[in-house]
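Each chain, letter by letter, is given below.
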Amino acid sequence: MKTKAVRMYGEMDLRLEEFELPQIKDDEILVKVMSDSICMSTYKLVKQGKKHKRAPQNIDTNPVIIGHEFAGVIVEVGKKWQDQFKPGQKFAQQPALNYKGSLASPGYSYEFFGGACTYCIIPHEVMELGCLLPYEGESFFEASLGEPMSCIIGGYHANYHTNKQNYNHAMGTKVDGNILIMGGCGPMGLGAVSYGIQFENRPKRIVVTEVDDAKIARAREVISEESAKEKGVELLYVNTAKMEDPIKELMDITEGHGYDDVFVYVPIKPVAEMGDKLLAFDGCMNFFAGPTDNQFKAEINLYNVHYTSSHIMGTTGGNTDDLIEANTLAAKGAIEPAVMVTHVGGIDSIAEATKTLPSIPGGKKLTYTQFDMPLTAIDDFEKLGETDPLFKKLSDSCKAHRGLWNAEAEKILFEHFGVNC
């Protein structure tokens, strides 16, 4: 079977190509990819090429398919898995395999397995690890966004607090505590807000910092303070660039208590150092943002580490349980992964969008791989709709959903391009 895929041959060398896939083996599964959202981690891969730890050294002759936040439909099942999976099933997948200590991962390491394609082959290790997941949700894009949401969920679960009586660690963010999400009006930060206001370890307060009023305005539109209050959480968006003394003013919000859980969502040294200064007693700071500089450093207060039990950790990726939780919550409407999405495009937009990702404003870039379509900002739908009936329909659909991408809009695209699921 032929597939069309975006493949990496080297540093900043991405090519959209059509080629023949081999016949699947008895322990493999052929799938049709429907959606694939673009991750900053893929940009880091493309920037480094074969220098990246997950990239094979022979990509110049055996290129890999990029993209790891994808979902679709099972087409053909090898004999080994026919009792578990059937053609026509929707799927989501967990890319963090860690198979027998290997760093190999879809979108980074495989010649025939990645998300930026029309069809790909899922190798045996994915099923052996339980990382191919049947998906029952209405839309494919929410399954694609399940992977970044699982990273967010993993961060919430991995934070911990200590018990001075017996030294047991209480896992997860502190119940009824103060959470600070620094640089939190980007796509992942908004996902963290969406999850935090309904997490079982529900905080009493979430404070989200940003330095851009436009980002704060959009954040308020998609997750309002009022909607959080309905769930019993005080939500505050603050622009630290407008504060005379950000440390004092952020601390005053907690009446001097400090923040029990701090998530740093931007890899900026002063932000990380500010987060450290705002920790409460036994506070946990999760450095969530992955820097491109492998020598990235920031100062921490070791006096506080010793006397006030503050601690710093980091998480990257989520596990399969986190992905299952993400997809379950999204299917129930308990979280809204759509708050992350600001642009939508087709398979022909992936290569350029990936290479220039840091310079494209907004949040998540969601792509559909079964058709061509320029990468387009949701905010531009209305203007384009004045002359293009497709964008008029998409604009109306998003307006009806608080400006967010949604299952109806996805169906409009599929119908327009004649895509069968």
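Residues numbered from 1 in each chain as written. Predicted model: local features only at pLDDT ≥ 70, side-chain atom pairs only at ≥ 80, totals over all residues. Heavy atoms only, no water.

1. Topic: unusual backbone geometry
Positioned with a positive phi, Asp-176 is a non-glycine residue whose angle comes to about 60°. In this structure, Asp-176 sits in the loop between β10 (169-171) and β11 (178-182). Residues other than glycine seldom take positive phi values, yet Arg-402 does so here, at roughly 60°. Position of Arg-402 relative to the elements: it lies in the loop between α14 (389-399) and α15 (407-417). (Helix = DSSP H or I, 4+ residues; strand = E, 2+ residues; numbered from the N terminus.)

2. A short note on helix α6 (residues 213-222)
Because an α-helix packs 3.6 residues into every turn, residues spaced three or four apart end up facing the same way. Turning to α6, its buried residues are Ile-216, Ala-219 and Val-222. Summarising the axial view, the buried residues of α6 lie within an arc of 130°, below the 170-degree limit, and thus occupy one face. In α6, the exposed positions that point more than 90 degrees away from the buried face belong to Ala-214 and Glu-221. Summarising the contacts, the buried residues of α6 are in contact with α5 (187-196), β12 (205-210) and β13 (234-239). Looking at where α6 begins, the residue whose side-chain oxygen comes 2.8 Å from the main-chain nitrogen of Ala-214 is Asp-212. (Buried < 20%, exposed > 50% of the residue type's maximum accessible area, 1.4 Å probe, protein only. Arc of directions from axis to C-beta. Contact = heavy atoms within 4.5 Å. Polar contact = N/O pair within 3.5 Å; in protein donor to acceptor, adjacent residues only side chain to side chain.)

3. Quick notes on the sheet that holds strand β16 (residues 311-313)
If you walk across this open sheet you meet the 6 strands as β13-β12-β11-β14-β15-β16, and the pairing is parallel. The two strands at the open ends of the sheet, each matched to only one other strand, are β13 and β16. With direction set aside, neighbouring strand axes in the sheet form an average angle of 15°. Taken together, the 4 bridges between β11 and strand β14 (residues 259-264) define a ladder with parallel strand orientation. Counterpart to Met-182 in the pairing with β14 is Val-264. Along the sheet, α6 contacts β12 and β13; its crossing angle with β13, the most-contacted strand, is approximately 160°. In this fold helix α9 (residues 269-277) packs onto β11, β14, β15 (279-287) and β16, with an angle of close to 155° to the strand it touches most, β15. (Pairing = 2+ DSSP bridges. Axes fitted to C-alpha atoms, helices over the stretch in contact; angles between N-to-C directions.)

4. A closer look at the pairing of strand β7 (residues 119-122)
One face of the sheet, then the other: side chains in a regular strand alternate in exactly this way. Where burial is concerned, the two faces of β7 agree: the one with Tyr-119 and Ile-121 and the one with Cys-120 and Ile-122 are both buried. Here strand β3 (residues 29-38) runs beside β7; their pairing, made up of 4 bridges, is antiparallel. By the bridge assignment, Ile-29 is partnered in β7 with Ile-122.

5. Remarks on the environment of Lys-100
Its location among the elements puts Lys-100 in the loop between β6 (90-93) and β7. For Lys-100 and Glu-125, which are 25 residues apart along the polypeptide, the C-alpha to C-alpha distance reads 9.4 Å.

6. So, helix α11 (residues 320-332)
For α11, which comprises 13 residues, the first-to-last C-alpha distance of 18 Å matches the rise-based estimate of 18 Å (1.5 Å per residue) to within 8%. Residues Thr-320, Asp-322, Leu-323, Ala-326, Asn-327, Leu-329 and Ala-330 constitute the buried set of α11. Where the residues of α11 are buried, they touch β6, β8 (132-134), α3 (140-144), α4 (146-158) and α5. Capping of α11 at its N-terminal end is provided by Asn-319; its side-chain oxygen lies 3.1 Å from the backbone amide nitrogen of Asp-321. Two residues or fewer past α11, Gly-333 is found with a positive phi of approximately 80°. (Expected span 1.5 Å × (residues − 1).)

7. Focus: the packing of α4 against α5
Direction vectors running N to C along α4 and α5 enclose 60°, while the axes themselves pass 9 Å from each other. In terms of orientation, α4 and α5 fall into the oblique class. In terms of crossing hand, the pair formed by α4 and α5 is right-handed. Facing Pro-148, Met-149, Cys-151, Ile-152, Ile-153, Tyr-156 and His-157 of α4, the residues of α5 in contact are Met-188, Gly-191, Ala-192, Tyr-195 and Gly-196. Here the residues of the contact of α4 with α5 are counted per class, giving 9 nonpolar, 3 polar and no charged. (Parallel < 35°, antiparallel > 145°, perpendicular 65-115°, else oblique. Left-handed = near helix turned anticlockwise from the far one by under 90°. Nonpolar A, V, L, I, M, F, W, Y, C, P; charged D, E, K, R; others polar.)

8. Structural notes on the sheet that holds strand β4 (residues 64-65)
In spatial order, the strands read β2-β1-β4; together these 3 strands make up an open sheet with antiparallel pairing. Every other strand in the sheet has two partners, leaving β2 (13-20) and β4 as the edge strands with one partner each.

9. Some points on the environment of Leu-97
Inspection of the secondary structure puts Leu-97 in the loop between β6 and β7. Sequence separation between Leu-97 and Met-149 is 52 residues, and the spatial gap between their C-alpha atoms is 17 Å. Contact partners of Leu-97, with chain neighbours within four places excluded, come to Ala-104, Pro-106, Tyr-110, Glu-125, Val-126, Leu-129 and Cys-131.

Without other data, these values stay purely geometric and don't point to any function.
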